[in-house]
Amino acid sequence: MRVVVASLALSAVAFAAPAPTFYKDVLPVLENNCQGCHRPGEPGPMSFMSYESTRPWAKSIKQVVATKKMPPWFADPANGHFANDRSLSAADVGTLVAWVDGGAKAGNPKDAPKPIAFAEGWAIGQPDKIIEIPSSIDIPTSGTLDYKYVIVPTGFKEDTYVQSAEARPTDREHCHHILSFIREPGNPWLKGAPVGVPFFPSQLGKEGSAGGFGDNLAGYAPGMVPEMLKPGQAKLVKAGSDLVFQLHYTTDGKPGSDKSRVGLVFSKTKPTERVVSMAATNPKFAIPPGDANYRVDAKFVFQDDAQLVMMLPHMHLRGKDFEFRITYPDGTKETLLNVPHYDFNWQLSYYLANQKKMPKGTVIECTAHFDNSANNPANPDPTKEVHFGEQSWDEMMFGFFDVAIPFDKNPMDIMRPKQAKPSTGAVE
């Protein structure tokens with residue numbers, strides 16, 4: 001009997017699957033999930049482009065994928081399905097863990113998949129057009145820096161449809177965020193501001209600050225993914241528009257210099273739907289000192305029909321969790337996105353796998369919780385009452401989202417009720 005058992009055990013060992021190797025099993029996982037950030041010139045602190053650069057990080061790779069810390073993805077799988085889900089499959093996690101446990105062997109280089117042809121410096125591929133601020137902005141070694149603005153003409157002679165857009169700083173160490181707004185011809189916002197020269201809006205007075213912001217074209221913050229819309233949908237940049245860069249830098253004891261830019265990939269065909277950015281927000285809060293679970297709510301009511309494309313929760317260092325819910329006109333409720341563990345270092349967008357129709361009267365409700373206690377290691381000062389503000393040690397509560405609408409519809413109709421036509425007394 002012992003001989004039979006021993007023989008079966010030896011047979012099991014003999015026919016056991018070989019340990020994964022880097023070139024055959026691991027490199028495909030890294031190409032599809034990790035190299036977008038983990039390559040030279042990108043935000044990942046180490047490169048996973050070769051065995052030699054990856055092998056020293058084997059144990060760390062096992063730890064972060066087993067605990068789901070990497071790739072960063074914070075949506076609760078119980079609510080919503082997303083086209084850009086970055087989480088690893090159980091099979092991919094198993095491959096990486098087994099590779100490390102098996103000695104992190106290289107294997108045969110001939111088994112390697114064809115390398116991905118990344119566009120140098122861009123996640124969206126080689127842009128059709130790059131718009132950058134004309135001159136670099138110097139960042140001092142210390143102090144609090146207010147938002148700077150730079151207006152750059154697009155030079156577009158005709159209406160342009162943008163399918164993908166990506167904002168990139170040249171100094172990631174000091175860049176807190178970039179927002180780029182489309183200022184259409186005739187918009188009085190920032191009237192009288194210099195073109196191509198950094199300035200503070202406070203320099204312009206009330207007249208220069210009047211007018212609505214333009215639609216957001218592209219943004220950058222740590223961990224943010226570029227805008228990449230599906231075929232048939234695009235952002236509209238009207239002929240003669242300017243791009244307004246909003247730039248925020250933080251100091252860290254070392255000088256810096258940044259020349260931010262935005263890359264655009266144009267739609268190859270005329271799209272049928274225009275995508276615009278909106279938000280549910282609440283700036284009126286006061287988080288008490290030491291409060292570990294302070295709640296802030298915001299809502300947005302659709303004044304016309306639209307289609308929900310993407311959601312992006314935004315808070316600062318005390319951000320704890322964030323939830324998007326909708327209530328349809330018939331009273332039906334649904335949770336679209338739940339982020340139970342918010343991380344300020346990863347400003348992620350969540351693109352719906354199946355975009356949702358938002359009939360007129362639908363309400364988006366957002367709930368955020370903040371941890372202003374000493375148990376929050378990122379908290380700058382748990383003894384301070386915290387209010388809405390632009391700096392990282394202040395707080396924000398934005399439920400950003402993108403919607404798609406027909407090109408003949410005014411985006412403002414989504415946000416404000418239509419005025420009833422005055423009665424003429426005639427029978428219509």
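Everything discussed here concerns the structure shown above.
The structure displayed is predicted, hence computed values, not measured ones.

Chemist: Kindly report on empty space enclosed by the protein, identifying the contributing residues and their values.
Modeler: All told, the structure shown has 1 cavity of 30 Å³ or more when counted by the stated rule. The computed volume of the largest cavity comes to approximately 40 Å³. Every residue along the wall of the largest cavity is listed here: Phe 74, Pro 313, Tyr 342, Asp 343, Trp 346, Leu 348 and Tyr 350. Tallied by class, the residues present in the lining of the largest cavity amount to 6 nonpolar, no polar and 1 charged.

Chemist: Outline the packing of helix H4 (residues 58-66) against helix H5 (residues 90-101), listing residues and values.
Modeler: Across the interface, H4 lies against H5 with an axial gap of 9 Å and an inter-helix angle of 150°. The interaxial crossing formed by H4 with H5 has left-handed handedness. Between H4 and H5, the contacting residues are Ala 58, Lys 59, Ile 61, Lys 62, Val 65 and Ala 66 on the first element and Val 93, Leu 96, Val 97, Trp 99, Val 100 and Asp 101 on the second. Partitioning the contact of H4 with H5 into residue classes produces 9 nonpolar, no polar and 3 charged.

Chemist: Can you break down the sheet that holds strand E13 (residues 294-301) residue by residue, with the values?
Modeler: Read across the open sheet, the 4 strands follow the order E13-E18-E15-E16; overall the sheet is antiparallel. Where the open sheet ends on each side, the last strands, each with one partner, are E13 and strand E16 (333-339). Here the average twist between neighbouring strands, direction ignored, is 15°. Where E13 meets strand E18 (residues 363-370), 8 bridges bridge the pair, whose relative direction is antiparallel. What sits directly across from Ala 298, in E18, is Cys 366.

Chemist: I'd like to hear about the nonpolar core, residue by residue, with values.
Modeler: Phe 302, Leu 308, Met 311, Tyr 350, Ile 364, Met 397 and Phe 401 are the most contacted members of the largest nonpolar core, which has 40 residues in total. Among the elements of the structure, strand E12 (273-281), E13, strand E14 (306-314), strand E15 (319-327), E16, strand E17 (350-358), E18 and strand E19 (398-406) are those that each provide at least two residues to this core. Looking at this core, the element that brings in the most residues is E18, giving 4 residues. Formed by 24 residues, the second largest nonpolar core is a distinct cluster that contains Ile 133, Leu 145, Ile 182 and Val 262.

Chemist: Account for the environment of Glu 390, with residues named and values stated.
Modeler: Residue position: Glu 390 is located in the loop between E18 and E19. For the pair Glu 390 and Ile 116, spaced 274 residues apart in sequence, the C-alpha separation works out to 39 Å. Those residues within four positions of Glu 390 in sequence are excluded, and the remaining contacts are Tyr 147, His 248, His 316 and Met 396.

Here is what the cut-offs are and how they apply
All chains use their own residue numbering, which begins from 1 and follows the written sequence. Reporting of local features is limited, given that this is a predicted model, to residues whose pLDDT is at least 70; pairs of side-chain atoms are given and counted only at 80 or more, and all residues count toward the totals for whole chains, interfaces and linings. Hydrogen atoms and water are omitted, and side-chain values are computed over all heavy atoms in the structure. The method works on a 1 Å grid over the protein atoms by themselves. A cavity is a set of points holding a 1.4 Å probe that cannot get out, a pocket is an open set with protein on both sides within 12 Å along at least five of seven lines, and residues with an atom within 4 Å of a point line them. Grid points are joined across faces, edges and corners, and a volume is the space filled by probe spheres set on the points. Following the grouping adopted for this structure description, the nonpolar residues are Ala, Val, Leu, Ile, Met, Phe, Trp, Tyr, Cys and Pro, the charged ones are Asp, Glu, Lys and Arg, and the polar ones are all others, Gly among them. A fitted line through C-alpha atoms serves as each axis, taken over the contacting stretch for helices, and the angle formed by two N-to-C directions is quoted from 0 to 180°. Strands are runs of DSSP state E lasting at least 2 residues, helices are runs of H or I lasting at least 4, and numbering of each runs from the N terminus. Each crossing is labelled by how the near helix is turned from the far one, with a counterclockwise turn of less than a right angle marking it left-handed and a clockwise turn marking it right-handed. We call two residues in contact whenever any of their non-hydrogen atoms come within 4.5 Å of each other. At least two DSSP bridges between two strands are required for those strands to pair. To define a nonpolar core, start from buried Ala, Val, Leu, Ile, Met, Phe, Trp, Tyr and Cys residues and group those joined through side-chain atoms within 4.5 Å. Accessibility here uses a 1.4 Å probe with only protein chains present; expressed as a share of the type maximum, an area under 20% marks a residue as buried, one over 50% as exposed, and anything in between as partly exposed.

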